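Here is what each chain is made of, one letter per residue.
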Amino acid sequence: MTLLLLAGTGDARRIAQGLVGIDAVASLAGATRDPEPLALPTGSGGFGGEKGFRQYLAKAGISAVLDATHPYAYRITTRTARVCADIGLPFVQFLRPGWTAEAGDHWIEIAGEEDAAAHIPHGATVFLGTGRQSLRGFANLAGRRVICRQIDPPDAPFPFEGGEFLVGRPPFSVADEVALFTRLAVDFLVVKNAGGTASRTKLTAARQLNIPVLMIARQPAGDWPTVDSVDAALDWARAL
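Residues numbered from 1 in each chain as written. Predicted model: local features only at pLDDT ≥ 70, side-chain atom pairs only at ≥ 80, totals over all residues. Heavy atoms only, no water.

Before going further, it helps to examine the overall build of the protein. When you go through the protein residue by residue, the secondary structure sums to 6 helices and 12 strands. Relative to the globule expectation of 18 Å for 240 residues, the C-alpha radius of gyration of the protein, 19 Å, shows essentially globular dimensions. Dimensions along the principal axes, computed over C-alpha positions, put the protein at roughly 55 × 35 × 30 Å. Of the contacts made within the protein by residues no fewer than 6 positions apart, 62% connect residues no fewer than 24 positions apart. Summing over all exposed atoms, the protein offers an accessible surface of approximately 11700 Å²; the carbon and sulfur share of this is 53%. Here the protein carries 23 positive and 24 negative side-chain charges, and the mean point of each set is 4 Å from the other. (Helix = DSSP H or I, 4+ residues; strand = E, 2+ residues; numbered from the N terminus. Rg over C-alpha atoms; globule rule 2.2 N^0.38 Å. Contact = heavy atoms within 4.5 Å. Areas by Shrake-Rupley, 256 points an atom, 1.4 Å probe, with all protein chains shown as cover. Lys, Arg positive; Asp, Glu negative; His and termini not counted. Charge placed at Lys NZ, Arg CZ, Asp CG, Glu CD.)

Right under this line is the structure:
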């Protein structure tokens, strides 16, 4: 049995460590330059679409797939689940629980990036904690100061007027985020409801500074098996 771990998150890194001793390999999409190494043999750069993915599964002798990609990697997860069902491979998605608001939080749930502009007045400073891949969805925020944090230095200009990149590699403490948001005079924070503890620090900082948060909602879960903890993911893999 060779298990394929689709990685790219901190949780996937912990799952990879727990899979040491099992016949398993990992794959990264290659969205981040120089990522932290995983504890498993790792490929990077994706598979070249669905056809390439099917060819890889057959050539590598993959017998099960554990998807621990980002909760918002809908296209990757949907394709993987469909292909695995089609060829009869066991599949599970690790889907950590989303965040819920706490006392003192000021969250506004929105369906997508393009909906943020309706809640943010012109002239406001907006901090995007959503990464660069969905950045073009915020193009209607022209007239605001938009700051997009990403791990790698930008390789192209900001895609619309009034925006700037901020390079930073997590983790960030609550104190780090409070200091950053204060220095930048952030008026609004925009995030995806990714869940997890490591990246929640920006939400805690926003609460302390009374900064409104626009929370991009998740799409409904698919009709495939899911687990919501690292331990459950490892139990699934070991039971194969």
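If you walk across this open sheet you meet the 6 strands as β6-β11-β10-β7-β8-β9, and the pairing is parallel. Across the chains shown, the open sheet's two edge strands, defined by having one partner strand only, are β6 (107–110) and β9 (163–167). When strand polarity is set aside, the average angle formed by the axes of neighbouring strands in this sheet is 25 degrees. Two elements, β6 and strand β11 (residues 213–216), share 4 bridges in a ladder whose sense is parallel. Bridging from a neighbouring strand, I110 pairs with I216 of β11. (Pairing = 2+ DSSP bridges. Axes fitted to C-alpha atoms, helices over the stretch in contact; angles between N-to-C directions.)

Looking at helix α1 (residues 10–18), one finds that the buried residues are D11, A12, I15 and A16. Relative to the axis of α1, the buried residues are bounded by an arc of 140 degrees and lie together on one face. Elements in contact with the buried residues of α1: β1 (3–6), β4 (64–67), β5 (91–94) and α6 (230–239). (Buried < 20%, exposed > 50% of the residue type's maximum accessible area, 1.4 Å probe, protein only. Arc of directions from axis to C-beta.)

On to the layout of surface pockets. Volume-wise, the second largest pocket comes out at about 190 Å³. In terms of lining residues, the second largest pocket is bounded by R132, Q133, L135, R136, Q150, P154, D155, A156, P157, P159 and F165. By residue class, the composition of the lining of the second largest pocket is 6 nonpolar, 2 polar and 3 charged. (1 Å grid on protein atoms, 1.4 Å probe; cavity = no way out; pocket = protein on both sides within 12 Å on 5 of 7 lines; lining within 4 Å. Points joined across faces, edges and corners; volume = space filled by probe spheres on them. Nonpolar A, V, L, I, M, F, W, Y, C, P; charged D, E, K, R; others polar.)

Membership of the largest hydrophobic core comes to 23 residues, with the highest contact counts inside it found for L3, L5, I15, L19, L66 and F94. Residue assignment for this core shows that the elements contributing at least two residues are β1, α1, β2 (24–28), β4, β5 and α6. Residue contributions to this core peak at 5 residues, all from α6. The residues contacting L19, other than those within four sequence positions of it, are L3, L5, A24, L40, L234 and A237. Ranked by size, the runner-up nonpolar core spans 19 residues in total, among them I110, V126, L135 and F138. (Core = buried A, V, L, I, M, F, W, Y, C linked by side-chain atoms within 4.5 Å.)

This next bit is on the sheet that holds β5. The parallel open sheet is built from 6 strands, whose spatial order is β3-β2-β1-β4-β5-β12. The open sheet has two edge strands, β3 (42–44) and β12 (226–227), and neither has a second partner. Pairing between β2 and β3: 3 bridges, direction parallel. If you follow L28 over to β3, its bridge partner there is S44. Lying on the sheet, α6 is in contact with β1, β4, β5 and β12; it crosses β4 at an angle near 175 degrees.

For the bond running from P170 to P171, omega is 10 degrees, close enough to zero to count as cis. Backbone geometry places A185, a non-glycine residue, at a positive phi of 55 degrees. Judged by relative accessible area, which is 48%, A185 ranks as partly exposed. Phi is positive for N210, which is not a glycine, with a value near 60 degrees. Tracing the backbone shows N210 in the loop between α5 (201–209) and β11. Here N210 falls in the exposed class, since its relative accessible area comes to 61%.

Attention now moves to empty space enclosed by the protein. Applying the stated criterion across every chain, the model contains 1 cavity of 30 Å³ or more. The space that makes up the largest cavity amounts to roughly 40 Å³. Lining of the largest cavity is provided by T9, D11, A68, T69, P71, F94 and R96. The class makeup of the residues in the lining of the largest cavity is 3 nonpolar, 2 polar and 2 charged.

Looking at where A68 falls in the secondary structure, it is placed in the loop between β4 and α3 (74–87). For A68, a relative accessible area of 0% corresponds to the buried category. A C-alpha to C-alpha distance of 33 Å links A68 and D187, two positions 119 residues apart in sequence. In contact with A68, other than residues within four places in its own chain, are L5, L6, A7, T9, A12, I15 and F94.

As far as function goes, none of this settles anything; it's purely spatial.
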